[in-house]
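Structural overview for review
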Amino acid sequence: MGQIILFYSFTGKTRDLAIKKCEELGADKFEVKETKRRGVFNALLVGARQAMKHKTVPVEPIDIDLGAYEKIIIMMPIWAGFPAPAFNNVVALLPEGKQVELVMLSGSGVSKKEKIIEQVRLRGCEVTAYSDVKA
């Protein structure tokens, strides 16, 4: 198979960009959803702390075979410099040897790029591209 975009969106901005990119690339898409919807207060305090500590969170089942795709594109919002906690759930499922592109959205357009890339490399994957998008 070709490409798949996995994304998590808190405000809808990441979803909008992911859908647009899917249409441009002809890629499959999968939205990662937390089992319990966060409020803004929870995202800012609890979620940001979870992101900084690379914690996973309860998400709806990610029932796709990532091994079937040549390239995996992960799109996530940035909280406190790191991807939202759902990113950690996705990274834990990455098959070794995959090509991975990372697209991170934030208000500032700045993230802890090297630390984020290292998380993916530790799974035995190659990061082919990285983008910080100011949303």
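For the structure, check the block above.
The text that follows walks through the structure, step by step, so that each part is easy to find. Just so we're clear, the structure is a prediction, and the values are computed from it rather than from any experiment.

The rules behind the values
- Residues numbered from 1 in each chain as written.
- Predicted model: local features only at pLDDT ≥ 70, side-chain atom pairs only at ≥ 80, totals over all residues.
- Heavy atoms only, no water.
- Helix = DSSP H or I, 4+ residues; strand = E, 2+ residues; numbered from the N terminus.
- Buried < 20%, exposed > 50% of the residue type's maximum accessible area, 1.4 Å probe, protein only.
- Phe/Tyr/Trp six-rings, centres within 6.5 Å; stacked < 30°, edge-to-face > 60°.

**Things to note about unusual backbone geometry**
For His-54, which is not glycine, the phi dihedral falls at a positive 60°. Assignment of secondary structure puts His-54 in the loop between helix H2 (40-52) and strand E3 (71-79). When its relative accessible area of 34% is taken as the criterion, His-54 is described as partly exposed. Backbone geometry places Ala-80, a non-glycine residue, at a positive phi of 55°. Along the polypeptide, Ala-80 turns up in the loop between E3 and strand E4 (82-83).

**Some thoughts on the packing of aromatic side chains**
With the rule as written, the count across this model stands at two aromatic pairs. Here Tyr-8 and Trp-79 contribute two aromatic rings whose centre-to-centre distance is 6.2 Å and whose plane-to-plane angle is 75°, an arrangement assigned as edge-to-face. Linking Tyr-8 in the loop between strand E1 (3-7) and helix H1 (13-25) with Trp-79 in strand E3, this pair joins segments that are 71 residues apart in sequence. Residue class for Tyr-8 comes out buried when judged on its relative accessible area of 4%. Looking at Trp-79, the relative accessible area reads 11%, which means it is buried. Note on Phe-10 and Trp-79: the rings are 5.7 Å apart at their centroids and 85° apart in plane angle, and the pair reads as edge-to-face.

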